[in-house]
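So you can see what is in the structure, the chains are spelled out below.
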Amino acid sequence: MNYEDLMLRVIKKAGQFKYTTKPNPVVGAIIFKENEVISEGYHEMYGGNHAEINAIEEAQKHHGKKFQDFSELTLLCTLEPCSHVGKTGSCAEFIVQAGFKKIIIGAIDPNPKVLGRGIKILKDNKVDVEIGLYEDLIEKQNKFFFYKHKNNKPYITVKIASSLDGKSHYNNNKKTFITSESSRNDVQLIRAKYDAILTGGNTLRNDNPKMNARVNFSVNQAKKILLTQKPFDKNLNFFKNASVDIFKITNLNKIINSYQKSEICSILVESGPKLVNAFLNEGIVNELIIYTSEKELGKKGINWFDKDNAVESYGFKLESTCKIDTDTKEIFIKDE
């Protein structure tokens, strides 16, 4: 069968589970014999079976009918089978025990716990292994996962809503809706992608935000991260049905680096200008998402940035722009 077509097929289908597998990567697997697909499997839920296991268990239903032995079959998977025992067993060992003699792997797993070890297990057991098919698509699909393990730190995105004159809110600190309802709904989709959402104490006390992903599909809700040195009410919306890490220190690098050994691969920062500018000044932001409305707050509004050309001066370049109702959504990526 055409390996390229099969890999594109499982890459596309694996993406359907991106909201329920995070912070794990999405992975797809397909088992075939000559010109017939025997089974498919996907990593569907965090903590659940990996794609290869699901594909093998599905194939077992056809044992004795469509094939007599797994040695007759080829397994194709988007990401290197895991070698370690975590929430599930070692997929590489499971593949060997099943009896496969050939496997096609899209990309090597960048996680140091795997990173070639799964391939070594397969090769040591005389499994024919082919590596490298649409690696760029697989890495793009799992952008946060690959970034975290290649750079040993989470991917950081800052999201802000700005008035046309560059303001965040009125100087009375009252909650201000700047952008349209459609833009606020779009923010829910962004939250659904991230492993953690970070805010500061001022935003917590002034806005009493929920900061969860309010969407109409299943999603692993993000961990919450709060940075504050002042007292707060634990009955606020932010804490309801959420796992929250609280930091009283102000060293942002130290806070972000504390997640090096965690499963958190991405953090969305939603806060006021003071904390946003602190993140930008530290140079640890990878992506900046700005929703700009047609409203102006005037002289009573608080500026978002310390400088008029903040985005460019911090080394970001415009990646994309689109209209959402009357608002403009821009995504800037750090030019590294």
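Analysis parameters
- Residues numbered from 1 in each chain as written.
- Predicted model: local features only at pLDDT ≥ 70, side-chain atom pairs only at ≥ 80, totals over all residues.
- Heavy atoms only, no water.
- Helix = DSSP H or I, 4+ residues; strand = E, 2+ residues; numbered from the N terminus.
- Contact = heavy atoms within 4.5 Å.
- Axes fitted to C-alpha atoms, helices over the stretch in contact; angles between N-to-C directions.
- Parallel < 35°, antiparallel > 145°, perpendicular 65-115°, else oblique.
- Left-handed = near helix turned anticlockwise from the far one by under 90°.
- Nonpolar A, V, L, I, M, F, W, Y, C, P; charged D, E, K, R; others polar.
- Expected span 1.5 Å × (residues − 1).
- Buried < 20%, exposed > 50% of the residue type's maximum accessible area, 1.4 Å probe, protein only.
- Arc of directions from axis to C-beta.
- Polar contact = N/O pair within 3.5 Å; in protein donor to acceptor, adjacent residues only side chain to side chain.
- Patch = residues over 30% accessible without salt bridge, like charges linked within 9 Å, V, L, I, M, F, W, Y side chains within 5 Å.
- Areas by Shrake-Rupley, 256 points an atom, 1.4 Å probe, with all protein chains shown as cover.
- Salt bridge = Lys/Arg side-chain N within 4 Å of Asp/Glu carboxyl O.
- Lys, Arg positive; Asp, Glu negative; His and termini not counted.
- Charge placed at Lys NZ, Arg CZ, Asp CG, Glu CD.
- Pairing = 2+ DSSP bridges.
- Core = buried A, V, L, I, M, F, W, Y, C linked by side-chain atoms within 4.5 Å.
- pLDDT = per-residue confidence, 0-100.
- Phe/Tyr/Trp six-rings, centres within 6.5 Å; stacked < 30°, edge-to-face > 60°.
- Lys NZ or Arg CZ within 6 Å of the ring centre and 35° of its normal.

A. Spotlight on the environment of Pro112. Structurally, Pro112 is set in the loop between strand E4 (102-107) and helix H5 (117-124). Between the C-alpha atoms of Pro112 and Asn142, which are 30 residues apart in sequence, the distance is 16 Å. Apart from the residues within four sequence positions on either side, Pro112 is in contact with Arg117 and His149.

B. Spotlight on the packing of helix H3 (residues 51-59) against helix H4 (residues 91-98). Here H3 crosses H4 at 25°, and the two axes come no closer than 9 Å. In terms of axis orientation, H3 runs roughly parallel to H4. Remark: the crossing between H3 and H4 carries left-handed chirality. Residues Glu52, Ile53 and Ile56 of H3 touch H4, and the partners they reach there are Cys91, Phe94 and Ile95. For the contact of H3 with H4, the residue count by class is five nonpolar, no polar and one charged.

C. View of helix H1 (residues 3-14). Helix length check: H1 (twelve residues) gives 16 Å between terminal C-alpha atoms against 16 Å at 1.5 Å per residue, within 8%. Leu6, Met7, Val10, Ile11 and Ala14 are the residues of H1 that are buried. Each buried residue of H1 sits inside an arc of 135° when the element is viewed along its axis, so together they form one side. Within H1, the exposed residues directed more than 90 degrees away from the buried face are Asp5 and Lys12. Looking at the buried side of H1, the elements it contacts are helix H2 (18-21), strand E1 (28-33), strand E2 (36-42), strand E3 (74-79), E4 and helix H6 (135-141). For H1, the N-terminal cap is Asn2; the gap from its side-chain oxygen to the backbone nitrogen of Glu4 is 2.9 Å.

D. The arrangement of a positive patch on the surface in detail. Residues Lys175, Lys210, Arg214 and Lys240 make up a contiguous surface patch of positive charge. Turning to its location among the elements, Lys240 is positioned in the loop between strand E9 (223-227) and strand E10 (244-247).

E. Focus on the sheet that holds E10. Spatial ordering of the open sheet is given by E10-E9-E8-E11-E6-E12-E15-E14, a layout of eight strands whose pairing is mixed. Pairing within the sheet leaves two strands with one partner each, and these edge strands are E10 and strand E14 (316-324). Between one strand and the next, the sheet's axes are offset by a mean angle of 20°, whatever the strand orientation. Of the strand pairs in this sheet, E9 and E10 are connected by four bridges, and their pairing is parallel. Paired with Ile225 across the strands is Asp245, a residue of E10.

F. Geometry of the nonpolar core. Among the nonpolar cores identified, the biggest contains 63 residues, and Ile31, Leu76, Phe100, Ile103 and Leu122 are the most heavily contacted of them. Here this core gets five residues from one element, more than from any other, and that element is H1. The residues contacting Ile31, other than those within four sequence positions of it, are Val37, Ile38, Ser39, Ala55, Ile56, Ala59, Leu73, Thr74, Leu75 and Phe100. Among the nonpolar cores identified, the runner-up in size contains 30 residues, and Ile156, Val158, Leu288 and Phe316 belong to it.

G. Quick look at the pairing of strand E6 (residues 155-162). Taken across its eight residues, E6 has seven buried, putting it largely inside the fold. Bridging between E6 and strand E11 (residues 266-269) involves four bridges; their strand directions are parallel. Note on E11: the bridge partner recorded for Val158 is Val269. Bridging between E6 and strand E12 (residues 287-292) involves six bridges; their strand directions are parallel. Bridge assignment links Ser162 to a residue of E12, and that residue is Thr292.

H. Examining H4 more closely. Regarding H4, the residues found buried are Cys91, Ala92, Ile95 and Val96. Projected down its long axis, H4 carries its buried residues within an arc of 140°, all on one side. Tucked inside the fold, the buried residues of H4 contact H3, E3, E4 and H5. After H4 finishes, the residue Gly99 shows a positive phi value of roughly 110°.

I. Up close: the confidence of the model for the protein chain. Residues of the protein chain with pLDDT of at least 70 account for 97%, and the chain-wide mean is 92. The spread of mean pLDDT over the elements of the protein chain runs between helix H12 (residues 310-313), the lowest at 80, and E11, the highest at 98.

J. Inspection of the packing of aromatic side chains at higher detail. Across all of its chains, the model carries twelve aromatic pairs by this definition. A ring pair is formed by Phe144 and Tyr155, whose centres lie 5.1 Å apart and whose planes are at 40°; its orientation type is tilted. Residue Phe144 is found in helix H7 (residues 143-151), and its partner Tyr155 is found in strand E6; the two are separated by eleven residues along the sequence. With a relative accessible area of 6%, Tyr155 lands in the buried category. Relative to Phe146, the ring of Phe145 lies with its centre 6.2 Å away and its plane at 80°, an arrangement referred to as edge-to-face. The exposure classification of Phe145 matches that of Phe146, with both residues buried. Between the NZ or CZ atom of Lys224 and the centre of the ring of Phe238, over which it lies, the distance is 4.7 Å.

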